[in-house]
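In case you want the letters, here they are:
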Amino acid sequence: MTSPGPRMLQVAAYVADHPGCSKTAAAHGIGMSNHNFGQGFGPVDRAIRAGLVEAVRVRSNRVALYPPDTAHWTPAVAEPDGEHWSPGHP
């Protein structure tokens, strides 16, 4: 495995400041706010594969991102209507 790139480190820092955020929020948070989400999700997915960020599946199409040393966090919870979700709590 290669060393983490600057975008991957930005993702790890953003997730550390915003535990429980979505992949979309992390991509937007590091400035990948253009409409090409394939490019925006690339650094997020690479950070997950490198172990810099932990992804917890909330629903079939949603994940919540946490720093890797916060295993005590509960996963994010879907709201009853299924449209909105909130991050977990320590």
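Attention here is on the structure that accompanies the text. (Residues numbered from 1 in each chain as written. Predicted model: local features only at pLDDT ≥ 70, side-chain atom pairs only at ≥ 80, totals over all residues. Heavy atoms only, no water.)

Right, let's get into the overall build of the protein chain. Looking only at helices and strands, the protein chain has three helices and four strands in total. From first element to last, N terminus to C terminus, the protein chain shows the α and β order α-α-α-β-β-β-β. Taken over 90 residues, the protein chain has a buried fraction of 30%. Summarising the internal contacts of the protein chain: among those between residues at least 6 apart in sequence, 36% fall at separations of at least 24. For the protein chain, the computed accessible surface area is about 5300 Å², with 55% contributed by carbon and sulfur atoms. (Helix = DSSP H or I, 4+ residues; strand = E, 2+ residues; numbered from the N terminus. Buried < 20%, exposed > 50% of the residue type's maximum accessible area, 1.4 Å probe, protein only. Contact = heavy atoms within 4.5 Å. Areas by Shrake-Rupley, 256 points an atom, 1.4 Å probe, with all protein chains shown as cover.)

Applying the stated rule across the entire model yields zero aromatic pairs. Taking the ring centre of Phe41 as reference, the NZ or CZ of Lys23 above it sits at 5.4 Å. (Phe/Tyr/Trp six-rings, centres within 6.5 Å; stacked < 30°, edge-to-face > 60°. Lys NZ or Arg CZ within 6 Å of the ring centre and 35° of its normal.)

For a regular strand, side-chain orientation follows a simple rule: the groups alternate between the two sheet faces. In this sheet, strand E2 (residues 62–66) lies alongside strand E1 (residues 54–59) in antiparallel orientation, the contact comprising five bridges. Directly across from Arg59, in E2, lies its bridge partner Arg62. Hairpin connection from E1 to E2: two residues lie between these consecutive antiparallel strands. (Pairing = 2+ DSSP bridges.)

Moving on, we get to the pattern of salt bridges. In the structure shown here, the tally under the stated rule is one salt bridge. When the shortest N-O distance is used, the salt bridge between Asp45 and Lys23 registers 2.7 Å. Of this pair, Asp45 sits in helix H3 (residues 37–50) while Lys23 sits in helix H2 (residues 23–29), and the two are 22 residues apart along the sequence. The class for Asp45 is partly exposed, based on a relative accessible area of 25%. (Salt bridge = Lys/Arg side-chain N within 4 Å of Asp/Glu carboxyl O.)

Moving on: helix H1 (residues 6–17). The end-to-end C-alpha distance of H1, which contains 12 residues, comes to 17 Å, matching closely the 16 Å that a straight helix rising 1.5 Å per residue would cover. Burial in H1 covers these residues: Met8, Val11, Ala12, Tyr14 and Val15. Along the axis of H1, the buried residues cluster in a sector spanning 165°; they form a single face. Of the exposed residues in H1, those oriented more than 90 degrees away from the buried face are Pro6 and Asp17. (Expected span 1.5 Å × (residues − 1). Arc of directions from axis to C-beta.)

Everything listed here is a matter of coordinates, which is why it stays silent on function.
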